[in-house]
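As a plain string of letters, each chain reads:
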Amino acid sequence: MASVPGNRFSADEKRRNADHISFLKHRRFRWLWIALLLSVVSILGYALIDQEPRPNGGSWYGYTLGTIGLLLIVWLSLLGVRKRRMSEGSWSLKAWTSAHVYLGLSLIVVGTLHTGFQIGWNVHTLAYALMMIVILSGIWGVYAYAVLPKELSASRGDKTGGDMLETIADIDKKLESAAQPLGREGSDLVLGVLRQDVFHGGALARLTNSYPGCATAKARAGIPASGSEAEARVRELLSARAEQLDQIRRYLRIKAMLEIWLFIHIPATIALLAALLAHVISVFYYW
């Protein structure tokens, strides 16, 4: 049967509106409320169950919370696999991501109550510590994706990454020509600038936006401000280069901040799954 045009338009409009809603607000915070309910029930169960000493990982309630936590962690870790499949509706990628965030946060309550606050130097605490690292890095990831893309766009203005590099290359050509009349010391400083890679500096330099070995800064400090006309022209070009470098480095810093959490979150998740396996095996071995 042919679809009614009015209903089709209404459905398309509804889907477009849903596409613009953040995964954090998906279906009016559905997964936030589910996560809060899980947390409240877990806390009430821990507080109200008449058991001495208080429920811990070795009690029936501790095993219950541990099983819930284990299943949640395994399911949440499948988000990467889920990203390779596209679908809409209640189990769309946005819904999964929303559930991933909020149920992941609820693990702070479920996992902590499962331990019964018994912390030690053992594989059980290792699993708990890795779980907290995964959750904390995930919180940073949510912040990064919510805030940093706007800063990233603002940092480069109307330019693309290629435009910024072309500007630097144009300045370098002018700098090479302008430096011809300089003496040996000035020429060496400019040569140092031209030889240094624009992407000079490691991951730490990018994250902190600190480049103590910057040849451009060294040349600006080494060529006198009250020098010859040629030196004044070189300083002018060096200032323009420093300004452009600053824009590129701010862009690289935000990109690094946007991506760095994945280098912690994913390896820590893999380590967590391994620690959980060891945790479960040891529990059943000594049962």
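Notes on the structure in this doc start here. Just so we're clear, the structure is a prediction, and the values are computed from it rather than from any experiment.

### Describing the nonpolar core
Grouped burial of nonpolar side chains is what soluble globular proteins tend to show.
1) Next: Membership of the largest hydrophobic core comes to 21 residues, with the highest contact counts inside it found for I73, L103, L107, M131 and L272.
2) Next: Secondary structure elements with two or more residues in this core: α2 (26–48), α3 (60–76), α5 (93–115), α6 (123–156) and α12 (262–285).
3) Next: Sort the elements by how many residues they give to this core and α6 lands first, with seven residues.
4) Next: Dropping the residues within four chain positions of it, L272 is found in contact with I73, A127, L130, M131 and V134.
5) Next: The next biggest cluster of nonpolar side chains, apart from the first, holds 16 residues, and it includes A144, M164, A205 and Y251.

### A few points about helix α8 (residues 184–195)
1) Next: Look at α8: 16 Å from first C-alpha to last across 12 residues, which is about the 16 Å you get at 1.5 Å a residue.
2) Next: Of the surrounding elements, those touching the buried residues of α8 are α7 (161–178), α10 (215–222) and α11 (229–260).

### Remarks on the pattern of salt bridges
1) Next: Applying the stated criterion across every chain yields a total of five salt bridges.
2) Next: Across the pair D246 and R250 runs a salt bridge, and its minimum N-O distance is 3.3 Å. On the criterion of helical spacing, the pair formed by D246 and R250 is a turn pair, its members being four residues apart in helix α11.
3) Next: Note on D246: relative accessible area 34%, which makes it partly exposed.

### Notes on the packing of aromatic side chains
1) Next: Here the structure, examined in full by the defined rule, presents five aromatic pairs.
2) Next: Seen from their ring centres, W75 and W96 are 5.0 Å apart, and the 40 degrees between their planes marks the pair as tilted. On the criterion of sequence distance, the pair formed by W75 in helix α3 and W96 in helix α5 is long-range, its members being 21 residues apart.
3) Next: Take W75: its relative accessible area is 24%, and that puts it in the partly exposed class.
4) Next: Judged by relative accessible area, which is 16%, W96 ranks as buried.
5) Next: One residue, R249, lies across the ring of Y211, its end atom 4.0 Å from the ring centre.

### Thoughts on empty space enclosed by the protein
1) Next: Throughout the structure, instances matching the rule amount to one cavity of 30 Å³ or more.
2) Next: In this structure, the largest cavity spans a volume of roughly 40 Å³.
3) Next: It is α11 that provides the largest number of residues to the lining of the largest cavity, a total of three residues.
4) Next: Looking at the lining of the largest cavity, its residues break down into four nonpolar, two polar and three charged.

### A look at the layout of surface pockets
1) Next: Of the pockets and cavities examined, the largest pocket occupies roughly 880 Å³.
2) Next: Along the walls of the largest pocket sit 31 residues, with L76, L79, H100, W261 and H265 positioned nearest its centre.
3) Next: For the lining of the largest pocket, the secondary-structure elements that each account for two or more residues are α3, α4 (79–82), α5, α6 and α12.
4) Next: Looking at the lining of the largest pocket residue by residue, the class counts come to 20 nonpolar, nine polar and two charged.
5) Next: As a volume, the second largest pocket reaches approximately 600 Å³.
6) Next: Surrounding the second largest pocket, 28 residues form its lining, G57, G66, H114, H279 and V283 being those nearest its centre.
7) Next: The leading source of residues in the lining of the second largest pocket is α3, at seven residues.
8) Next: Looking at the lining of the second largest pocket residue by residue, the classes come out as 14 nonpolar, 14 polar and no charged.

### A word on the environment of L238
1) Next: In this fold, L238 is placed in helix α11.
2) Next: A residue is classified by how much of its surface remains accessible, and L238, at 0% relative accessible area, is buried.
3) Next: For the pair formed by L238 and V193, sequence separation is 45 residues and the distance between their alpha carbons is 9.0 Å.
4) Next: Residues within four places of L238 in sequence aside, it is in contact with L175, V193, T216, A219, R220 and I223.

Cut-off values and rules
- Residues numbered from 1 in each chain as written.
- Predicted model: local features only at pLDDT ≥ 70, side-chain atom pairs only at ≥ 80, totals over all residues.
- Heavy atoms only, no water.
- Core = buried A, V, L, I, M, F, W, Y, C linked by side-chain atoms within 4.5 Å.
- Buried < 20%, exposed > 50% of the residue type's maximum accessible area, 1.4 Å probe, protein only.
- Helix = DSSP H or I, 4+ residues; strand = E, 2+ residues; numbered from the N terminus.
- Contact = heavy atoms within 4.5 Å.
- Expected span 1.5 Å × (residues − 1).
- Salt bridge = Lys/Arg side-chain N within 4 Å of Asp/Glu carboxyl O.
- Phe/Tyr/Trp six-rings, centres within 6.5 Å; stacked < 30°, edge-to-face > 60°.
- Lys NZ or Arg CZ within 6 Å of the ring centre and 35° of its normal.
- 1 Å grid on protein atoms, 1.4 Å probe; cavity = no way out; pocket = protein on both sides within 12 Å on 5 of 7 lines; lining within 4 Å.
- Points joined across faces, edges and corners; volume = space filled by probe spheres on them.
- Nonpolar A, V, L, I, M, F, W, Y, C, P; charged D, E, K, R; others polar.

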